[in-house]
Amino acid sequence: MSRPTPRKSRHNRHPSNRIPAISDYESDAAAIASTYEPPPPRTNTELNVSVLQRYLPSISRILSIAANAVVYTFDSATQGWEKSGIEGTMFVCAQAPLPEDVNHRPRACVFVLSRRSLDNLIVDLASVGHVEIMGELVILKVEGDWEAGEKVLGLWIHNDEEETRATNGAIIEESWKIARAAGTVSNEGPEAGPAMQAIGRPLTLNELFGRQQEATGS
């Protein structure tokens, strides 16, 4: 009696949609490289302008930079200088004219980006009544509706290079003359970029000198 012929095992076919795709790494990499365009390189100045515009969008150009500056306030009661607690990179900046200014008058400011706290100092140079370079300080006499006379700021600029202090002082003085001669246009509200909106308001001069009075008890 003959044995039954053994059945052939069936071949299990995989549906076409379950067959794993085979990747050619070099071809894929070439395809990605051909579609990806890296952003154009930016200079340090362009990067700095971009950072400052996140606080003050009207900044259009950096006129000078000091790697480190310390802000002092003048106490009229003691006739001495007091540290304000603000210290960091200082920028002298040109600003775009205010939108409502039909005469398109130039503006400029001093911006100290504090590395010790979230409080940055921004001084509109058109609101400064007098600029004086005295020894190691650039002195700014700021006008405003103050209760007790004028407010005086002193900027001590670290002389990391031979002409850093003199150069920044001269540019502050020249920018102040241009902004002062152009005059000011009252703005409807404080200008604030996304970074300033995230951390709160910039430190006002009233608050800055208010801290000084609290510290001295005057």
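Parameters and conventions
Residues numbered from 1 in each chain as written. Predicted model: local features only at pLDDT ≥ 70, side-chain atom pairs only at ≥ 80, totals over all residues. Heavy atoms only, no water. UniProt positions renumbered as here; feature names shortened; annotations may be inferred. Salt bridge = Lys/Arg side-chain N within 4 Å of Asp/Glu carboxyl O. Helix = DSSP H or I, 4+ residues; strand = E, 2+ residues; numbered from the N terminus. Buried < 20%, exposed > 50% of the residue type's maximum accessible area, 1.4 Å probe, protein only. Core = buried A, V, L, I, M, F, W, Y, C linked by side-chain atoms within 4.5 Å. Contact = heavy atoms within 4.5 Å.

The name that an unreviewed UniProt entry assigns to the protein is Dcp1-like decapping, with the source organism given as Trichoderma arundinaceum. Under the heading Subcellular location (unreviewed entry), UniProt records this for the protein: "Cytoplasm". Listed in UniProt under the heading Sequence similarities (unreviewed entry), the comment for the protein reads: "Belongs to the DCP1 family."

Moving on: the pattern of salt bridges. One pass over the full model with this rule turns up three salt bridges. Across the salt bridge formed by R180 and E143, the nearest N and O atoms sit 2.7 Å from each other. Here R180 is found in helix α3 (residues 164-182), whereas its partner E143 is found in the loop between β6 (137-142) and β7 (151-157), with 37 residues between them in sequence. Judged by relative accessible area, which is 42%, E143 ranks as partly exposed.

Note that R105 resides in the loop between β2 (80-95) and β3 (107-114). R105 gets classed as partly exposed once you look at its relative accessible area, which sits at 24%. For the pair R105 and A181, spaced 76 residues apart in sequence, the C-alpha separation works out to 9.5 Å.

Moving on to unusual backbone geometry. The phi dihedral of Q79 falls on the positive side, at around 55°, and the residue is not glycine. Within the fold, Q79 resides in the loop between β1 (59-75) and β2. A positive phi angle, near 50°, is found at H104, a position not held by glycine. Here H104 shows up in the loop between β2 and β3. Judged by relative accessible area, which is 56%, H104 ranks as exposed.

A separate point is the nonpolar core. Counting residues in hydrophobic clusters, the biggest one holds 24 residues, and the most contacted among them are M90, V110, L125, V128, L140, L155 and I172. Contributing elements (two or more residues each) for this core: β1, β2, β3, β4 (121-124), β5 (128-134), β6, β7 and α3. Once residues within four sequence positions are removed from consideration, L140 is found in contact with V123, V128, H130, V131, K151, V152, L153, L155 and I172. The next biggest cluster of nonpolar side chains, apart from the first, holds ten residues, and it includes L56, F91, C93 and F111.

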